[in-house]
Amino acid sequence: MIRVEDLVYQYEVKSERVLNGISLEIEEGEYVGIIGPNGCGKTTLIRHLDGLLSPTEGDVWVEGMNTRDPAAVQKIRQIVGMVFQNPDNQIVGMSVEEDVAFGPGNLGLPPPEIRKRAGESLAIVGMEKHARRPPHTLSNGEKQLVAIAGVLAMEPKYIVLDEPTSYLDPSGRKRVLRVVRELNEKGITIIHVTHNMDEIAEADEIFVLNEGRIVLREEPAKVFTRVEWLRGLGVDIPKVTELMWQLRQMGKDVRTNIFTMEDACLELSTLIRARTP
Ligand SMILES: Nc1ncnc2c1ncn2[C@@H]1O[C@H](COP(=O)(O)OP(=O)(O)OP(=O)(O)O)[C@@H](O)[C@H]1O
Ligand SMILES: [Mg+2]
């Protein structure tokens, strides 16, 4: 499990604190969404989870290891994989295969094991046919899948994704989200930062951050019913939830705790049927 205790963080060049006492636990196997307005500290928070940043105050524990402990950092980085927003910043190899092999290569594993891991990881994300391609010939969605494969090749327990779809077109986005969900079904814990709430409508739990604090920690259905509160924070809500909320404002008898397209279709067809004489 990951445990964050009273985490305070202040960038050296900034006078005020960016994280103001965050405490949370993430259990193995969970799918956790993190949302909040621009600049609220989401990226700063998750950069603590693999020790990229070290707390100004408080502690971050990964499977009982403290991220402040230099002896633990390599192990922590192996079990907590990070996927960032811009796929181009994450590709290091001259070919897809070489890129995915980079992490396990750094672990000093024997070459056959490295090749095996690279091949298996590419197959999991559906990119095995592209192993020999130079990464710059891939679409952004494909690059992001390769970045995920690179993380998988380290055999992580946790994958942290920071707005992984914001550079992707709709089909790339769909592929990446499907792969992330499949990885969670296989038991990998997912921590997914996003501005797009549709992406985390099926998460187990959502943390809402504001001004460096966790202001809400709930399952999606409960988070998304707070339409006006979320809007006040400057957070977008799923389009279908917004639609239901607007209909409700117009006096229509619809549920507002709807956050998937399927549920919205069912609710709307009930509404239409009720109107038909
Ligand atoms: N390297 C840095 N040096 C100084 N200040 C920083 C640095 N990175 C972020 N900040 C500041 O810290 C605050 C939190 O930034 P952070 O990137 O964690 O927010 P975020 O929630 O990820 O925002 P976004 O939704 O825009 O990605 C902001 O005020 C930002 O300007
Ligand atoms: Mg960010």
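Fair warning: this is a prediction, and the values are worked out from it, not measured in the lab.

### Concerning the overall build of the chain
So, point 1. Of regular secondary structure, the chain possesses ten helices and ten strands.
So, point 2. The C-alpha atoms of the chain give 20 Å as radius of gyration, which agrees with the globular expectation for 277 residues (19 Å, within 12%).
So, point 3. A principal-axis box enclosing the C-alpha atoms of the chain has dimensions of 70 × 45 × 30 Å.
So, point 4. For the chain, the residues scored as buried account for 50% of the 277 residues in total.
So, point 5. Surface summary for the chain: the accessible area is close to 13,700 Å², and the carbon and sulfur share equals 49%.

### Quick word on helix α9 (residues 239-249)
So, point 1. Turning to α9, its buried residues number three or more, namely Val240, Thr241, Met244, Trp245 and Leu247. For α9, the angular spread of the buried residues around the axis is 160°, confining them to a single face. In α9, the exposed positions angled more than 90 degrees off the buried face are occupied by Lys239 and Gln249.
So, point 2. Contact partners of the buried residues in α9: α8 (227-233) and α10 (261-275).
So, point 3. Glycine 251 lies just past α9 and shows a positive phi near 90°.

### Details of the site of ligand 1
So, point 1. In the vicinity of ligand 1, 14 residues are found, and the nearest of them are Gly39, Lys42, Thr43, Thr44 and His195.
So, point 2. The contact in question runs from an oxygen atom of ligand 1 to an N or O atom on the backbone of cysteine 40, over 3.2 Å.
So, point 3. Between ligand 1 and the protein, one listed contact pairs an oxygen atom with a side-chain N or O atom of glutamate 163 at 3.4 Å.
So, point 4. When ligand 1 sits alone it has 640 Å² of accessible area, and the protein chains cover 63% of it.
So, point 5. Grouping the constituent residues of the shell around ligand 1 by class yields five nonpolar, six polar and three charged.

Basis of the calculations
Residues numbered from 1 in each chain as written. Chains lettered and ligands numbered in written order. Predicted model: local features only at pLDDT ≥ 70, side-chain atom pairs only at ≥ 80, totals over all residues. Heavy atoms only, no water. Helix = DSSP H or I, 4+ residues; strand = E, 2+ residues; numbered from the N terminus. Rg over C-alpha atoms; globule rule 2.2 N^0.38 Å. Buried < 20%, exposed > 50% of the residue type's maximum accessible area, 1.4 Å probe, protein only. Areas by Shrake-Rupley, 256 points an atom, 1.4 Å probe, with all protein chains shown as cover. Arc of directions from axis to C-beta. Contact = heavy atoms within 4.5 Å. Near = heavy atom within 4 Å. Polar contact = N/O pair within 3.5 Å; in protein donor to acceptor, adjacent residues only side chain to side chain. Nonpolar A, V, L, I, M, F, W, Y, C, P; charged D, E, K, R; others polar.

Taken by themselves, the reported measurements are silent on function.
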